[in-house]
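Listed below, chain by chain, are the residues.
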Amino acid sequence: MAQGNGKLGKGAKSSGSQRRKAQKNQAYKGRRKVYNPKGKKAVQNREETQTSKAINRRNEAILSAKAINCGTRFFLSDVKEVGKKEINDQLKLRSKKEDREKKLSDRLRGQLRKLGREV
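Residues numbered from 1 in each chain as written. Predicted model: local features only at pLDDT ≥ 70, side-chain atom pairs only at ≥ 80, totals over all residues. Heavy atoms only, no water.

A separate point is the overall build of the protein. The helix and strand tally for the protein stands at four helices and zero strands. In sequence order, the secondary structure elements of the protein are arranged as α-α-α-α. The C-alpha radius of gyration of the protein comes to 33 Å, more than 25% above the 14 Å expected for a compact globule of 119 residues. Expressed as lengths along the three principal axes of its C-alpha atoms, the size of the protein is roughly 115 × 50 × 35 Å. Here the protein holds 119 residues, and the buried ones make up 10% of them. In the form shown here, the protein has an accessible surface area of approximately 12,000 Å², with 52% of it arising from carbon and sulfur atoms. Side-chain charges in the protein split into 35 positive and 12 negative, and the spacing between the mean points of these groups amounts to 18 Å. (Helix = DSSP H or I, 4+ residues; strand = E, 2+ residues; numbered from the N terminus. Rg over C-alpha atoms; globule rule 2.2 N^0.38 Å. Buried < 20%, exposed > 50% of the residue type's maximum accessible area, 1.4 Å probe, protein only. Areas by Shrake-Rupley, 256 points an atom, 1.4 Å probe, with all protein chains shown as cover. Lys, Arg positive; Asp, Glu negative; His and termini not counted. Charge placed at Lys NZ, Arg CZ, Asp CG, Glu CD.)

Shown next, in the form of structure tokens:
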């Protein structure tokens, strides 16, 4: 048994709990600062956003084509239209590659025609 009048204090808190407490009590600083570039940086920033948007549109078209091609019923009409268009584009591209001249002699004749010599 403990004897005497010695009082035990609270145990030491872990550093992790201290960090979590500090994060929880952070003051609200208002909305984030918006970076508005001017001049050359603005043009560069605009080009980058346009490029990334074009890439995103292309990826969305490919993914919607895959979603429609799986055969199940699809309900989102805007994605459905983009997907169908992409499927048709891929089909045209594939058939165009397959329809090219396959034999070596045909390819050589075509190249000679391009050079202006008839065979």
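Here the narrative resumes.
All right, on to the packing of helix H2 (residues 40-69) against helix H3 (residues 77-99) then. Closest axis-to-axis distance for the H2/H3 pair is 7 Å, and the angle between their directions is 90°. The pairing of H2 with H3 is recorded here as roughly perpendicular in orientation. Contact with H2, carried on its side by Arg58, Ala61, Ile62, Ser64, Ala65, Ile68 and Asn69, involves Val79, Lys80, Val82, Gly83, Lys84, Glu86 and Ile87 of H3 and no other residues of that element. The residue makeup of the contact of H2 with H3, split by class, is seven nonpolar, three polar and four charged. (Axes fitted to C-alpha atoms, helices over the stretch in contact; angles between N-to-C directions. Parallel < 35°, antiparallel > 145°, perpendicular 65-115°, else oblique. Contact = heavy atoms within 4.5 Å. Nonpolar A, V, L, I, M, F, W, Y, C, P; charged D, E, K, R; others polar.)

With that settled, the discussion passes to the environment of Ser95. Secondary-structure assignment places Ser95 in helix H3. You can call Ser95 partly exposed: its relative accessible area is 29%. Linking Ser95 and Ser77, residues 18 residues apart in sequence, is a C-alpha distance of 27 Å. Within the local environment of Ser95, its side chain forms a polar contact with the backbone oxygen of Lys92, the two atoms lying 3.0 Å apart. (Polar contact = N/O pair within 3.5 Å; in protein donor to acceptor, adjacent residues only side chain to side chain.)

Turning to the pattern of salt bridges, a few remarks are in order. Under the defined criterion, the tally for this structure stands at one salt bridge. Among the ionic pairs, Arg58 bridges to Glu86, the shortest N-O distance being 2.8 Å. With a gap of 28 residues between them, Arg58 in helix H2 and Glu86 in helix H3 connect regions that are remote in the sequence. We classify Arg58 as partly exposed; its relative accessible area is 44%. (Salt bridge = Lys/Arg side-chain N within 4 Å of Asp/Glu carboxyl O.)

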